Amino acid sequence: MADVILKDVYKVYPGDVTAVRDFNLDIRHGEFLVLVGPSGCGKSTTLRMVAGLEEISRGEIRIGERVVNDVPPKDRDIAMVFQNYALYPHMTVRDNMAFGLKLRKFKKAEIDHRVNKAAQTLGLEPYLDRRPKALSGGQRQRVAMGRAIVRDPAVFLFDEPLSNLDAKMRVEMRREILQLHRRIQTTMIYVTHDQVEAMTLGDRICVMRDGVIEQVGEPTQVFDNPASLFVARFIGAPPMNIFNGKLLERGGSLVFDGGTFEAPVAERQHAQVAGHVGKPICLGVRPKAFVLSGQPGADEACVIKAKVEVAEMLGEEVLAHLSSGEHRFTVSTDPHRRIEPDQELAVCPLMKHAHLFDVETERNLTLPL
């Protein structure tokens, strides 16, 4: 079994610069866990501490049954795939994949067996006698994964492995990595700043900001129920719309007052937000959680009248970027409906799918109980 457990982990650099703090995470055996966040949030530092390439300043890291704080990288039973492939240019694909096993004094027959099996798994058999310069970026990345696979490690670590690939190749490689995980069922920890990669790859995703964990959960859970304003703005393309306003009580009902519009709070959320009546609050609504006024499902009591600034045709949808007073927000609309700049639109948020956030703490007040 290869659970990976990080307990109260800190990384502090000289000058009292804290890159990671109070990091607690249990990664289950066979799980695909993605660390995601903007540049500088500490995700790569966290991965490198698991790998042993960075010393931890405080806390404990376990891989399987062992505390590995002081265990050298080569003895942690991990394999790492880097962004820049890290292949030896003068060696063939076969020799690159075999190199680590040769250093560990494996017998030639075992090396050949492992290399051939990994090459078959990754579709590299036709390229075993080529050198890296004769391969595409995607093929080089598969070689880097093959070099990791032959070691049969307890844990795979991926540090933004697709960043150097074009958009089409990234999609193909995501599919290959998922297929690889299904085949070998090994614990994988994957670092990326790309939230689309995180959502498509992870069994769970761990969203980080400024060295701390903002939220951990299954992709749909994090998307549908962001724990904070940061997660709401970071996860989703386009991100959740955030409206600033305040919470009011009107005739025994709670209402979000956004200045240019008012929207009744879903009744099931009343108990969660009642303590914020009269206080500043943020309303969060996904672009797809709007309907045009007059259409089925529209609540005409909370119409937002807005002007189209830009309309993006994306094939399956049109993203209308709207303005209403101080509010700027995005709505997903029917691609067959003509949307033009400067056009006036009346849209209604589906409040049953909306969230309310505390302005001071930035925490979501309306997470499911």
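Located above this text is the structure these notes cover.
Residues numbered from 1 in each chain as written. Predicted model: local features only at pLDDT ≥ 70, side-chain atom pairs only at ≥ 80, totals over all residues. Heavy atoms only, no water.

**Comments concerning the pattern of salt bridges**
Following the criterion strictly, the structure yields 18 salt bridges and no others. In this structure, glutamate 54 engages lysine 11 in a salt bridge whose closest nitrogen and oxygen atoms are separated by 3.5 Å. Residue glutamate 54 is found in the loop between α1 (43-51) and β4 (58-63), and its partner lysine 11 is found in strand β1 (residues 4-13); the two are separated by 43 residues along the sequence. Taken as a pair, glutamate 54 and lysine 11 share a single burial class, namely buried. Ionic pairing is found between arginine 114 and glutamate 110, a salt bridge with its closest N-O pair at 2.8 Å. One end of the pair, arginine 114, and the other, glutamate 110, are both in helix α3 (residues 108-122), four residues apart, so they sit about a helical turn from each other. (Salt bridge = Lys/Arg side-chain N within 4 Å of Asp/Glu carboxyl O. Helix = DSSP H or I, 4+ residues; strand = E, 2+ residues; numbered from the N terminus. Buried < 20%, exposed > 50% of the residue type's maximum accessible area, 1.4 Å probe, protein only.)

**A closer look at the packing of aromatic side chains**
One pass over the structure, following the stated rule, counts nine aromatic pairs. Each ring, one from phenylalanine 32 and one from tyrosine 190, has its centre 5.9 Å from the other, and the planes form 40 degrees; the classification is tilted. Of the two residues, phenylalanine 32 is situated in strand β3 (residues 32-36) and tyrosine 190 in strand β8 (residues 187-192); the sequence distance between them amounts to 158 residues. Between phenylalanine 158 and tyrosine 190, the aromatic rings sit 5.6 Å apart at their centres with planes inclined by 35 degrees, giving tilted as the arrangement. With phenylalanine 158 in strand β7 (residues 155-159) and tyrosine 190 in strand β8, the pair connects residues that are 32 residues apart, well separated along the chain. For the residue pair phenylalanine 158 and tyrosine 190, the accessibility class agrees, reading buried in each case. Within the aromatic cluster, the residues linked to one another by ring pairs are Phe243, Phe256, Phe261, Phe290 and Phe329. In this arrangement the basic side chain of arginine 58 is found over the ring face of tyrosine 10, its NZ or CZ atom lying 4.0 Å from the centre. (Phe/Tyr/Trp six-rings, centres within 6.5 Å; stacked < 30°, edge-to-face > 60°. Lys NZ or Arg CZ within 6 Å of the ring centre and 35° of its normal.)

**A look at the environment of isoleucine 149**
By the secondary structure assignment, isoleucine 149 is in helix α4 (residues 137-149). The class of isoleucine 149 is buried, set by a relative accessible area of 14%. Among all residues touching isoleucine 149, those that are not within four sequence positions of it are Ala118, Leu122, Phe156 and Leu180. (Contact = heavy atoms within 4.5 Å.)

**Some thoughts on the nonpolar core**
Core analysis: the biggest nonpolar cluster contains 45 residues, and Val34, Met97, Met145, Tyr190 and Val207 have the highest contact counts within it. The residues contacting methionine 97, other than those within four sequence positions of it, are Val115, Ala118, Ala119, Leu124, Leu128, Val143, Gly146, Arg147 and Val150. (Core = buried A, V, L, I, M, F, W, Y, C linked by side-chain atoms within 4.5 Å.)

**Overview of the sheet that holds β8**
With respect to topology, six strands assemble into an open sheet ordered β6-β7-β8-β3-β9-β10, the strand pairing being mixed. Both edges of this open sheet fall to β6 (78-81) and β10 (212-217), since each of them pairs with a single strand only. Geometrically, the sheet is characterised by an average inter-axis angle of 20 degrees between neighbouring strands, direction not taken into account. Pairing analysis gives four bridges linking β6 to β7, with the strands arranged parallel. (Pairing = 2+ DSSP bridges. Axes fitted to C-alpha atoms, helices over the stretch in contact; angles between N-to-C directions.)

**Some thoughts on unusual backbone geometry**
At the junction of alanine 237 and proline 238, the peptide bond is cis and its omega measures out at 0 degrees in the coordinates. For aspartate 16, which is not glycine, the phi torsion reads 60 degrees and is therefore positive. By secondary structure assignment, the location of aspartate 16 is in the loop between β1 and β2 (17-27). In this structure, aspartate 342 is a non-glycine residue whose phi angle is positive, near 75 degrees. In this structure, aspartate 342 sits in the loop between β18 (327-333) and β19 (344-349). By relative accessible area, which is 55% here, aspartate 342 ends up exposed.

**Quick word on the sheet that holds strand β20 (residues 355-358)**
Strand order in the open sheet formed by five strands is β13-β12-β11-β14-β20, with antiparallel pairing between adjacent strands. Only two strands of the sheet have a single partner each, and these edge strands are β13 (262-264) and β20. Within the sheet, the average angular offset between the axes of one strand and its neighbour, ignoring direction, is 40 degrees. Here strand β12 (residues 253-257) pairs with β13 via three bridges, running antiparallel. The residue bridging valine 255 from the neighbouring strand is proline 264, located in β13.

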